[in-house]
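# Structural characterization, general
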Amino acid sequence: MPDPTTDTHFVAPVETETISVDAVRIAEKPRNLWRDAWSDLRRRPLFWFSVVLALFFIVMALFPTLFTSTPPDDNCQLGNSNAGPAAGHPLGFTFQGCDIYARIVWGAQTSLAVGLLATAIGSIVGLIMGAFAGFYGGWLDSLLSRIGDIFFAIPYILAAVVVMTVFSQYRSVPVLALAIGGFAWASTARVVRAEVLRVRQADFVVASRALGRSKFGILVGHVIPNALAPLLVVSTLALAASIVAEATLSFLGVGLGSSTMSWGNDISAAQSSLRVAPMALIYPSIALTLAVLAFVTLGELIRDAIDPRARARR
């Protein structure tokens, strides 16, 4: 039998220092999707360029008098028809003798108003349809998804042409925005539905159900707030598409009335004098292109920032 007084015992040395990987940095803020996205975006110069450009057009639309002192309804003189730049009129005049620069500034108000309102309508309808379809499932999902498929199969430009033709006596910013946004929500609903299907399987949703919270309360309080990231991307891209849609409908003559200042109306009116005065068409086209480019670029960058797979590829 071994003698405990004479046997040698081997004891592992006691660690007195905490291993660095086990240390907990209490002061460090927890990471989340929005903080990671912001950390990625703020290091990209293209993001700041698109933000500044988008804010420039938004400020121009909200406060046009900061950019021009020429009144919107009293800046046309036939004696200046197709004239070049002059003092106080840096871009020259249209065929009707209107100041091109002033019309671009005041036209931003109409074009962005249609774009924002149409985007809001499409986003709200798409959010409601997609959230209810994805969360409740079953027959409601089938019904709402089939309705979305019907609207998705109809080109919203074509639908807006029909609507504006039928309601030609009521051409205004709200009617045009409703005609565009009322048929452009299907793609938003699909994106929201897919995200809701993912979020509703999360642990915090299961915990809320275990605590006895109602389905509608879980949907509004937990699921929708955690499914807004893709909606932000889709809405930003939809804003650019809505601005283009307004210009397209106005160019086709079924948008806003000819008396309304918008980039689409100015492009449509300038096509008749393209050979003798091309700049009357080119300048509003440049403004339209830059505005659309700003919002499209911003949407693409936000999409890459909130997509972990896109960050991993970089």
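An account of the accompanying structure is given in this report. Here the structure is a predicted model, which means the values were calculated and not measured.

### Describing the overall build of the protein chain
The helix and strand inventory of the protein chain stands at 13 helices and 0 strands. Within the span of the protein chain, comprising 314 residues, buried residues form 40% of the whole. Looking at the protein chain alone, contacts between residues at least 24 apart form 70% of all its contacts between residues at least 6 apart. Looking at the protein chain as shown, the accessible area adds up to about 17900 Å², and 66% of this sits on carbon and sulfur atoms.

### Side note on the side chain of serine 208
In this fold, serine 208 is placed in helix α8 (residues 203-210). A relative accessible area of 9% means that serine 208 is categorised as buried. With near-sequence residues (within four places) excluded, serine 208 lies in contact with Arg213, Ile218 and His222.

### Quick word on the packing of aromatic side chains
Inspection of the entire model under this criterion finds 9 aromatic pairs. Between phenylalanine 135 and tyrosine 136, the aromatic rings sit 5.3 Å apart at their centres with planes inclined by 90 degrees, giving edge-to-face as the arrangement. Classification of phenylalanine 135 by relative accessible area gives buried; the value is 4%. When the ring of phenylalanine 151 is compared with that of tryptophan 185, the centres are 5.0 Å apart and the planes differ by 45 degrees; the resulting orientation is tilted. In this pair, phenylalanine 151 sits in helix α4 (residues 138-153) while tryptophan 185 sits in the loop between α6 (173-181) and α7 (186-199), placing the two residues 34 residues apart along the sequence. Overall, the relative accessible area of 24% leaves phenylalanine 151 in the partly exposed class. What makes tryptophan 185 buried here is its relative accessible area of 4%. Ring pairs connect the aromatic residues Phe56, Phe57, Phe67 and Trp263, which therefore count as one cluster.

### Overview of the nonpolar core
If you look at the biggest cluster of nonpolar residues, it comprises 25 residues, and the most contacted ones within it are Phe57, Leu112, Ile243, Trp263, Leu288 and Phe295. Among the elements of the structure, α2 (45-62), α3 (100-136), α10 (228-251), α11 (263-270) and α12 (279-306) are those that each provide at least two residues to this core. Broken down by element, this core gets its largest block of residues, 8 residues, from α12. Setting aside residues no more than four positions away along its own chain, phenylalanine 57 makes contact with Leu112, Trp263, Ala287, Leu290 and Ala291.

### A closer look at the environment of serine 250
Of note, serine 250 is situated in helix α10. Note on serine 250: relative accessible area 3%, which makes it buried. With 14 residues separating them in the primary sequence, serine 250 and glycine 264 have C-alpha atoms 5.0 Å apart. Sequence-distant contacts of serine 250, that is, excluding residues within four places in its chain, are made with Gly255, Leu256, Ser262, Gly264, Asn265 and Ser268.

### Points about the packing of helix α5 (residues 156-166) against α6
For the pair α5 and α6, the least separation of the axes is 8 Å and the interaxial angle reads 145 degrees. The hand of the α5/α6 crossing is right-handed. Of α6, the residues touching α5 (which contributes Tyr156, Ala160, Val163 and Met164) are Val175, Leu176, Ala179 and Ile180. Classifying every residue of the contact of α5 with α6 gives 8 nonpolar, no polar and no charged.

### Regarding α3
Given 3.6 residues per helical turn, the α-helix brings residues three or four places apart onto the same face. Look at α3: 53 Å from first C-alpha to last across 37 residues, which is about the 54 Å you get at 1.5 Å a residue. Its axis deflected by about 30 degrees at glycine 107, α3 carries its strongest bend there. Backbone nitrogen of tyrosine 101 and a side-chain oxygen of the N-cap are separated by 3.2 Å at the start of α3; the cap is aspartate 99. Taken from the residues just after α3, glycine 137 is the one with a positive phi, measuring 65 degrees.

### A look at the pattern of salt bridges
Under the criterion given, the structure shown has 6 salt bridges. The closest approach of N and O atoms between arginine 303 and glutamate 300, which form a salt bridge, is 2.2 Å. In this pair, arginine 303 and glutamate 300 both sit in helix α12, 3 residues apart, roughly one turn of the helix. The class of arginine 303 is partly exposed, set by a relative accessible area of 40%. Several salt bridges share partner residues, and in doing so they unite Arg146, Asp149 and Arg190 into one network.

### Focus: the environment of alanine 194
By secondary structure assignment, the location of alanine 194 is in helix α7. Between the alpha carbons of alanine 194 and alanine 227 there is a distance of 9.2 Å; along the sequence they are 33 residues apart.

Conventions and cut-offs
Every residue gets a number counted from 1 within its own chain, in the order that chain's sequence is written. Local features in a predicted model are, by the rule used here, given only for residues with pLDDT of at least 70; side-chain atom pairs are given and counted only at 80 or more, and totals for whole chains, interfaces and linings are based on all residues. With hydrogens and water excluded, all non-hydrogen atoms of the structure serve as input to the side-chain values. A run of H or I in DSSP becomes a helix once it reaches four residues, and a run of E becomes a strand once it reaches two; helices and strands are each numbered from the N terminus. Throughout, exposure labels follow a simple rule: accessible area from a 1.4 Å probe, protein chains only, divided by the maximum for the residue type, with under 20% read as buried, over 50% as exposed, and the rest as partly exposed. Note on contacts: a residue pair is in contact if any heavy atoms of the two residues lie within 4.5 Å. Here the open area of atoms and residues is found with the Shrake-Rupley method and a 1.4 Å probe, where only the protein chains shown may cover a residue. Working definition: rings of Phe, Tyr and Trp (its six-membered ring) pair if their centres are within 6.5 Å, and the pair is stacked with planes under 30 degrees apart, edge-to-face with planes over 60 apart, and tilted otherwise. We call a set of buried residues a nonpolar core when its members are Ala, Val, Leu, Ile, Met, Phe, Trp, Tyr or Cys and they connect through side-chain atoms within 4.5 Å of each other. For every element, the axis is a line fit to its C-alpha atoms; helices are fit only across the contacting stretch, and the angle between N-to-C directions ranges from 0 to 180 degrees. Crossing handedness is defined as follows: a turn of the near helix away from the far one that is anticlockwise and smaller than a right angle gives a left-handed crossing, while the clockwise case is right-handed. Residues are sorted three ways: Asp, Glu, Lys and Arg are charged, Ala, Val, Leu, Ile, Met, Phe, Trp, Tyr, Cys and Pro are nonpolar, and all the rest, Gly among them, are polar. A helix's residues, less one, multiplied by 1.5 Å, set its expected span. What we call the bend at a residue is the angle made by axes fitted to the seven residues finishing there and the seven residues starting there. Throughout this description, a polar contact denotes any pair of N or O atoms lying within 3.5 Å of each other; where both atoms belong to protein, one of them has to be capable of donating a hydrogen while the other can accept it, and for residues adjacent in sequence the pair is counted only when both atoms sit in side chains. Each reported salt bridge corresponds to a side-chain nitrogen of Lys or Arg within 4 Å of a carboxyl oxygen of Asp or Glu.

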